[in-house]
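Architecture and fold: a report
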Amino acid sequence: MCFAEELTFDFQQVNLTDAIRIIAKANHMNVMLAPEIKGVTTLHLQHVSASSAFDAILTANGLLKTKIHDVWWVGPQDKIIKESQEQVKWIEANEALQPLQDQALVIRYARAEDVATVLQGKDAEFISKRGSLRIDARTNTVFIRDTKKYLQAVKTIVKSLDVPVKQILIEARLASVDHDSERDLGITFGTIG
């Protein structure tokens with residue numbers, strides 16, 4: 001088992017951006033700091049992990065971090081929250097522009113109703129808000145109308161669900177012995193008495 005290395009940080013009236021960079025370096029993190037980060041900080045931390053120290057200095061100074069690929073972007077809480085909300089809006093707007101496509105998936109081993117139940121489950125996110133799903137029980141087919149991204153995900157899910165059920169083969173052999181065979185073997189079954 002590997003434990004995080006415990007470090008000690010003792011900064012007195014140090015430039016905040018320098019303190020963040022030092023702790024990030026001890027934590028082997030790539031960071032970009034928003035230009036709005038200014039001021040000085042004082043902290044005394046003993047026997048803490050670099051990640052705990054990093055989170056502590058951000059929280060104490062009203063900062064948040066968000067990961068963009070392999071880089072942590074650090075900025076004021078309100079700015080990071082606003083950028084995150086704008087990114088969600090942009091993703092939703094971009095998805096609303098994607099064309100809808102139709103796909104028919106013939107289910108071979110499972111029941112189309114069961115597959116549809118999984119795809120449309122209460123917490124399932126396999127179908128977009130604009131997407132729709134229908135089934136044809138007669139042909140055991142699921143019809144999906146959605147964006148290309150969601151259709152690819154649905155195909156993967158259906159492929160993992162539509163598998164033959166494993167069966168067990170039980171084989172029995174019965175042997176019949178009659179009285180003549182018993183006599184030939186020299187066995188006499190009878191009652192004691």
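Our structure's up above, just so we're on the same page.
Residues numbered from 1 in each chain as written. Predicted model: local features only at pLDDT ≥ 70, side-chain atom pairs only at ≥ 80, totals over all residues. Heavy atoms only, no water.

**Some words on the overall build of the chain**
Which entries qualify depends on this criterion: Helical segments are the DSSP runs of H or I of at least four residues, strand segments are the runs of E of at least two, and each set is numbered from the N terminus. Under the scheme applied here, a residue whose accessible area is under 20% of the maximum for its type counts as buried, over 50% as exposed, and between as partly exposed, the area being computed with a 1.4 Å probe on protein chains only. By definition, residues are in contact when any of their heavy atoms lie within 4.5 Å. All accessibility values rest on the Shrake-Rupley procedure with a 1.4 Å probe; residue burial counts only the protein chains present in the view.
A count of helices and strands for the chain gives 6 helices and 8 strands. Shown N-terminal to C-terminal, the secondary structure of the chain runs as helices and strands in the order β-α-β-β-α-β-β-α-β-α-β-β-α-α. Expressed as a percentage of the 193 residues in the chain, the buried residues total 26%. In the chain, the share of contacts with a sequence separation of at least 24, taken over all contacts with a separation of at least 6, comes to 63%. In the structure as shown, the chain presents an accessible area of about 14,700 Å², 54% of it carried by carbon and sulfur atoms.

**Some points on helix α4 (residues 112-119)**
The test is simple: Read the arc as the range of directions from the helix axis to the C-beta atoms.
Inspection of α4 places A112, V115, A116 and L119 among the buried residues, and these make up the whole buried set. Burial along α4 is one-sided: seen end-on, the buried residues are contained in an arc of 100 degrees. On the buried face of α4, the contacting elements are β7 (132-136), β8 (141-146) and α5 (148-161).

**Concerning the sheet that holds strand β2 (residues 30-33)**
We apply this condition: Two strands pair under a simple rule: DSSP has to find at least two bridges between them. Between N-to-C directions, angles span 0 to 180 degrees; the directions come from axes that are lines fitted to C-alpha atoms, helices contributing only their stretch in contact.
Taking strand neighbours across the sheet as the criterion, the 3 strands line up as β2-β5-β4 in an open arrangement whose pairing is mixed. The two strands at the open ends of the sheet, each matched to only one other strand, are β2 and β4 (63-68). Going across the sheet, the axis of each strand differs from the next one's by a mean of 30 degrees, ignoring polarity. Against the sheet, helix α1 (residues 16-26) touches β2 and β4, its axis set at about 165 degrees to β2. Those strands touched by helix α3 (residues 77-97) are β4 and β5 (71-76), and its axis lies near 120 degrees from that of β5.

**A look at the pattern of salt bridges**
The line we're drawing: Each reported salt bridge corresponds to a side-chain nitrogen of Lys or Arg within 4 Å of a carboxyl oxygen of Asp or Glu.
All told, the structure shown has 7 salt bridges when counted by the stated rule. A salt bridge links R138 to D136; the shortest N-O distance between them is 3.8 Å. On the basis of relative accessible area, R138 is assigned to the exposed category, the value being 72%.

**Regarding the pairing of β8**
As paired strands, strand β6 (residues 101-106) and β8 are joined by 6 bridges and run antiparallel to one another. Residue pairing in the sheet places Q103 in a bridge with I144 of β8. One ladder, built from 5 bridges, connects β7 with β8; its direction is antiparallel. Within β8, the position partnered with D136 by the bridge is T141. The antiparallel hairpin formed by β7 and β8 contains 4 residues in its connecting segment, where N140 sits at a positive phi of about 55 degrees.

**Section: the nonpolar core**
What counts, and what does not: Definition used in this section: a nonpolar core is a set of buried Ala, Val, Leu, Ile, Met, Phe, Trp, Tyr and Cys residues joined via side-chain atoms within 4.5 Å.
Counting residues in each nonpolar core, the largest one holds 21 residues, and the members touching the most others are I20, I37, F54 and I57. Elements supplying a minimum of two residues to this core: β1 (7-15), α1, β3 (40-48), α2 (50-60) and β5. In terms of residue count, α1 provides more of this core than any other element does, 5 residues in total. Formed by 13 residues, the second largest nonpolar core is a distinct cluster that contains L105, V115, L151 and V158.

**Brief notes about the packing of aromatic side chains**
Worth spelling out the cut-off: Ring geometry is summarised as follows: Phe, Tyr and Trp rings, the Trp one being its six-membered ring, pair when their centres sit within 6.5 Å, and such pairs are stacked at plane angles under 30 degrees, edge-to-face over 60 and tilted between the two.
Applying the stated criterion across every chain, the model contains 1 aromatic pair. Measuring from ring centre to ring centre gives 6.1 Å for F9 and F11, while their planes differ by 50 degrees; the resulting arrangement is tilted. On the accessibility criterion, F11 (11% relative accessible area) is buried.

**What about the environment of R111?**
You can see R111 is positioned in the loop between β6 and α4. The exposure class of R111 is partly exposed, given its relative accessible area of 48%. Measuring from C-alpha to C-alpha, the distance between R111 and T141 comes to 8.7 Å, with 30 residues separating the pair along the chain.

**Here we look at the sheet that holds β7**
The antiparallel open sheet is built from 3 strands, whose spatial order is β6-β8-β7. The sheet is open, and its two borders are formed by β6 and β7, each paired with just one other strand. If you compare each strand with its neighbour and ignore which way they point, the axes differ by 15 degrees on average. Against the sheet, α4 touches β7 and β8, its axis set at about 165 degrees to β7.

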